[in-house]
Amino acid sequence: MTAMENADRNSFVLLQVGERRFALPSEIVDELAPPVRLHTFPHTSALVAGVIVRRGHIVPVYDVAPTLLGKESPTHRFYLIAQRAFGKSSEASAIPLNGECELATAELQPPGEGRPAYISGTFEIGQESVELLNFELLVTDQSPESANDSHAEAQP
Amino acid sequence: MKIASQDVGKSKRTRRSEPVILFSVAHQTFAISADSVQEIRSTDSMAGAANEIEQPLLAKVRHTIERAHRKYFVVNACTHFNLPITRPTLVLILRQLRVAVLVDKIERMAEINAVHALPRAFIGEERRWYRGLAYVEDHVIPVIEPAGFLTRKEFLALDRVTKAAESQREMEGAVQA
């Protein structure tokens, strides 16, 4: 494996949801978008908050704060647009963020014991331990326990 | 990380536009193809023609109406879409289906150039409710699938219940006579 491929594998986008930072693999992240209007309409899909229009495309928005933080997050500042895989194809999807993103390179470690399935690893950035999210498992997670587990991790 | 600009790209393909009726239910706007609506009537004008279903099978269908020798099932759109209950003032009588839909008001007619597929993130009942989404004057509006108001199974069950009730009434009428 070349140094560049290795760097890509360990390249993450740090994102802020509420007061906590998480990470996503950089290869699935498209862009950071400004807080455009959220369009809502009746539906019965859990975790989907509505849609935004981005570059002429209708992009679904996943409200991940209750899952990650155990509560609603305050007014968000950006949308992170990432690709969610559907078999061989993918669909742009958005998650609301409360701060800017950073690109980081780090060595990934296994997730801590008992962490929810959507936490696929952890790494250190300075003094901070950041958890890597599995985007697919995060946006399809509907177990009530995971909100408590994820929130408990944030307690000092 | 660079923040992309807010411009919304427009498709350069020429598309046939489709006339739709924009209507609202509990402050939520929907679009339905104008072709799929036979008639729009006020609930006041239909009151005398509505038959109450004595033991409703579905919470969203409590009445039937007869139009041109056909029995239509009246669907309350608030209940159908799980919206707060309002006082609907209009009935959309659909063209191809025996469904009449109670709505709050007609906003206006519009032309839409495209019906965008519902994103795959949506996995619930909305996949049956909507044909897709339309972008109308800076608003994303769901485009109704007329066949989504009642499933075939629901039609059959409602037909059975209403026929049984009619037979019962006829028998009672015959006995009293």
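The paragraphs below set out a description of the structure included in this document. (Residues numbered from 1 in each chain as written. Chains lettered and ligands numbered in written order. Predicted model: local features only at pLDDT ≥ 70, side-chain atom pairs only at ≥ 80, totals over all residues. Heavy atoms only, no water.)

1. Re the overall build of chain A
Then, number 1: A tally of helices and strands in chain A yields four helices and ten strands.
Then, number 2: Ordered by position from N to C terminus, the α and β elements of chain A give α-β-β-β-β-β-α-β-β-β-β-β-α-α.
Then, number 3: Buried residues in chain A amount to 49% of all 156 residues.
Then, number 4: Within chain A, contacts between residues at least 6 apart in sequence are counted, and of these 54% link residues at least 24 apart. (Helix = DSSP H or I, 4+ residues; strand = E, 2+ residues; numbered from the N terminus. Buried < 20%, exposed > 50% of the residue type's maximum accessible area, 1.4 Å probe, protein only. Contact = heavy atoms within 4.5 Å.)

2. What about the overall build of chain B?
Then, number 1: Scanning chain B from N- to C-terminus turns up four helices and eleven strands.
Then, number 2: Over its C-alpha atoms, taken along the principal directions, chain B stretches across nearly 80 × 30 × 30 Å.
Then, number 3: Looking at chain B as a whole, 44% of its 177 residues are labelled buried.
Then, number 4: For chain B, restricting intrachain contacts to residue pairs at least 6 apart in sequence, the fraction spanning at least 24 positions comes to 57%.

3. Structural notes on the interface of chain A and chain B
Then, number 1: Each partner contributes to the interface: chain A provides 31 residues, whereas chain B provides 32 residues.
Then, number 2: Of all residues in chain A, Phe41, Pro42 and Ile58 of chain A bury the most surface against chain B, accounting for 24% of the area lost on that side.
Then, number 3: Joining chain A to chain B, the criterion identifies one salt bridge.
Then, number 4: The salt bridge partner of glutamate 91 of chain A is arginine 120 of chain B, with a shortest N-O separation of 3.9 Å.
Then, number 5: Within the residue set of the side of chain A that touches chain B, elements represented by two or more residues are β3 (29–33), β4 (48–54), β5 (57–62), β6 (78–86) and β7 (89–97) of chain A.
Then, number 6: Tallying contributions element by element places β4 of chain A first for the side of chain A that touches chain B, with five residues. (Buried area = accessible area lost by both parts, 1.4 Å probe. Salt bridge = Lys/Arg side-chain N within 4 Å of Asp/Glu carboxyl O.)

4. Quick word on the sheet that holds strand β8 (residues 102–105) of chain A
Residue and element names in this part refer to chain A.
Then, number 1: With mixed pairing, the five strands of this open sheet are ordered in space as β8-β1-β2-β10-β9. Here the strands that pair on one side only, and so sit at the sheet edges, are β8 and β9 (119–125). For this sheet the average axis-to-axis angle between neighbouring strands, irrespective of direction, equals 40°.
Then, number 2: Of the strand pairs in this sheet, strand β2 (residues 20–25) and strand β10 (residues 128–133) are connected by two bridges, and their pairing is parallel. The partner of alanine 23 across the bridge, within β10, is leucine 132. (Pairing = 2+ DSSP bridges. Axes fitted to C-alpha atoms, helices over the stretch in contact; angles between N-to-C directions.)

5. Remarks on the pattern of salt bridges
If charged atoms from side chains of opposite charge come close, those side chains can pair.
Residues and elements named next belong to chain A.
Then, number 1: Enumeration according to the criterion identifies 15 salt bridges over all chains in this entry.
Then, number 2: The salt bridge partner of glutamate 102 is arginine 21, with a shortest N-O separation of 2.7 Å. With glutamate 102 in strand β8 and arginine 21 in strand β2, the pair connects residues that are 81 residues apart, well separated along the chain.
Then, number 3: You can call glutamate 102 partly exposed: its relative accessible area is 41%.
Then, number 4: Several salt bridges share partner residues, and in doing so they unite Arg20, Arg115 and Glu131 into one network.

6. What to know about the packing of aromatic side chains
Then, number 1: Counting across every chain of the model gives twelve aromatic pairs over all chains.
Then, number 2: Plain terms: the ring middles of phenylalanine 41 of chain A and tyrosine 130 of chain B are 5.9 Å apart, the flat faces sit at 85° to each other, and that makes the pair edge-to-face. A residue pair is termed interchain when its members come from two chains, as with phenylalanine 41 of chain A in the loop between β3 and β4 and tyrosine 130 of chain B in strand β10 (residues 130–136).
Then, number 3: On the basis of relative accessibility, which here comes to 6%, the residue phenylalanine 41 of chain A falls in the buried class.
Then, number 4: On the accessibility criterion, tyrosine 130 of chain B (4% relative accessible area) is buried.
Then, number 5: Judged by centre distance (5.9 Å) and plane angle (75°), the ring pair of tryptophan 129 of chain B and tyrosine 130 of chain B falls under edge-to-face.
Then, number 6: Taken together, the ring pairs in this structure connect Phe41 of chain A together with Phe23, Phe30, Phe81, Phe122, Trp129, Tyr130 and Phe149 of chain B into an aromatic cluster. (Phe/Tyr/Trp six-rings, centres within 6.5 Å; stacked < 30°, edge-to-face > 60°.)

7. With respect to unusual backbone geometry
Then, number 1: Even without glycine at this site, leucine 47 of chain A takes up a positive phi of about 75°.
Then, number 2: Structurally, leucine 47 of chain A is set in the loop between β3 and β4.
Then, number 3: In this structure, histidine 27 of chain B is a non-glycine residue whose phi angle is positive, near 65°.
Then, number 4: Here histidine 27 of chain B shows up in the loop between β1 (18–25) and β2 (28–33).
Then, number 5: The exposed category is assigned to histidine 27 of chain B, whose relative accessible area is 82%.

8. A look at the sheet that holds strand β4 (residues 50–52) of chain B
All names here are of chain B.
Then, number 1: Taken together, six strands build an open sheet; the order of strands is β3-β7-β8-β6-β5-β4 and the sheet is mixed. The open sheet has two edge strands with one neighbour each: β3 (37–42) and β4. Each strand of the sheet is rotated relative to its neighbour by a mean of 30°, with strand direction disregarded.
Then, number 2: Pairing geometry for strand β5 (residues 61–67) and strand β6 (residues 70–76), over six bridges, is antiparallel. Note that in β6 the partner of valine 61 across the bridge is valine 75.

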